[in-house]
Amino acid sequence: MLENGPPPNLVTNNTFIQCCCLSNDVDKALHIFFTMTSHGITSNRGTCCILVHGLCKRHLPRDARKLLEKMFRDDNGVAIIRSLCLNRKVGSALL
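Sequence order as written defines residue numbering, which begins from 1 separately in each chain. Since the coordinates come from a predicted model, pLDDT governs what is reported: local features require at least 70, and pairs of side-chain atoms require 80 or more to be given and counted, while whole-chain, interface and lining totals use all residues. Hydrogen atoms and water are omitted, and side-chain values are computed over all heavy atoms in the structure.

Novice: Please set out the environment of V11 residue by residue, giving values where relevant.
Specialist: As for its placement among the helices and strands, V11 is situated in helix α1 (residues 10–22). A sequence separation of 35 residues divides V11 from G46, and the C-alpha atoms of the two residues are 9.3 Å apart. Strands are runs of DSSP state E lasting at least 2 residues, helices are runs of H or I lasting at least 4, and numbering of each runs from the N terminus.

Rendered as structure tokens:
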């Protein structure tokens, strides 16, 4: 796909990641995520939610936590804190 047009943006990548997670191919979803971030595309809370849900669905909560920690370090936690606050979990956001 990269050879035939413009590179995928965040929305396109999130769609691919979600399709992979829905078909239980979390490994491919993570590959897309890491490729996306290596190309300078910043993840958002949608990306975070999709991947965490996919990992937990496969009974991989430790991997989900590691991914959350990585995302938190990469963007100083802005997306995660915003998501927690929007979901009325301000106490968790402050930790």
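Having seen the model, we can carry on.
Novice: How would you explain the packing of α1 against helix α2 (residues 26–38) if you had to name every residue and give the values?
Specialist: The geometry of α1 relative to α2 is characterised by a closest axis approach of 7 Å and an angle of 165° between their N-to-C directions. Taken together, the axes of α1 and α2 lie roughly antiparallel to each other. α2 is crossed by α1, and the crossing has left-handed handedness. Within the contact between the two elements, α1 uses L10, N13, F16, I17, C20 and C21 and α2 uses V26, K28, A29, I32, F33 and M36. Angular values range over 0 to 180 degrees, each being the angle between N-to-C directions of two axes fitted as lines to C-alpha atoms, with helices fitted over their stretch in contact. Angles are sorted into four bins: roughly parallel if under 35 degrees, roughly antiparallel if over 145, roughly perpendicular if 65 to 115, and oblique for all others. Definitions for this section: a left-handed crossing has its near helix turned counterclockwise from the far helix by less than a right angle. A right-handed crossing has that turn clockwise. Contacts between residues were defined by any pair of non-hydrogen atoms, one from each residue, lying within 4.5 Å.

Novice: I'd like a description of the side chain of S43, backed by residues and values.
Specialist: Following the sequence through the fold, S43 ends up in the loop between α2 and α3 (45–57). Exposure is judged per residue with a 1.4 Å probe applied to protein chains only, and the accessible area is read against the type maximum: over 50% gives exposed, under 20% gives buried, and values in between give partly exposed. Since its relative accessible area comes to 16%, S43 is described here as buried. Once you skip the residues sitting within four places of it in the chain, S43 turns out to touch L10, F33, M36 and M71.

Novice: So what's going on with the environment of K28? Which residues, and what values?
Specialist: Relative to the helices and strands, K28 resides in helix α2. Separated by 12 residues in the primary sequence, K28 and F16 have C-alpha atoms spaced 9.3 Å apart.

Novice: Please set out the side chain of N14 residue by residue, giving values where relevant.
Specialist: Position of N14 relative to the elements: it lies in helix α1. If we ignore the near neighbours within four places in the chain, the residues touching N14 are N44, G46, T47 and I50.

Novice: Tell me about the state of the cysteines, residues and numbers included.
Specialist: Disulfide assignment relies on a single distance test, namely cysteine sulfur atoms paired within 2.5 Å. Scanning the model with the defined rule gives 0 disulfides in all. As a non-bridged cysteine, C21 has C20 as the owner of its nearest cysteine sulfur, 7.0 Å distant.

Novice: Provide a residue-level description of the nonpolar core, including the pertinent values.
Specialist: In plain words, nonpolar cores are sets of buried Ala, Val, Leu, Ile, Met, Phe, Trp, Tyr and Cys residues tied together by side-chain atoms within 4.5 Å. Core analysis: the largest hydrophobic core is formed by 17 residues, its most contacted members being I17, F33, L51 and L67. Elements supplying a minimum of two residues to this core: α1, α2, α3 and α4 (61–74). Tallying contributions element by element places α2 first for this core, with 6 residues.

Novice: Explain the packing of α3 against α4 to me, using residue names and the numbers behind them.
Specialist: Remark: α3 packs on α4, axes separated minimally by 8 Å, with the N-to-C direction vectors making an angle of 160°. Classified by the interaxial angle, the pair formed by α3 and α4 is roughly antiparallel. Handedness of the α3/α4 crossing: right-handed. Contacts from T47, C48, L51, V52, L55 and C56 of α3 reach α4 at D63, A64, L67, L68 and M71. Of the residues assigned to the contact of α3 with α4, the class counts are 9 nonpolar, 1 polar and 1 charged. Residues are grouped as follows: Ala, Val, Leu, Ile, Met, Phe, Trp, Tyr, Cys and Pro are nonpolar; Asp, Glu, Lys and Arg are charged; all remaining types, including Gly, are polar.

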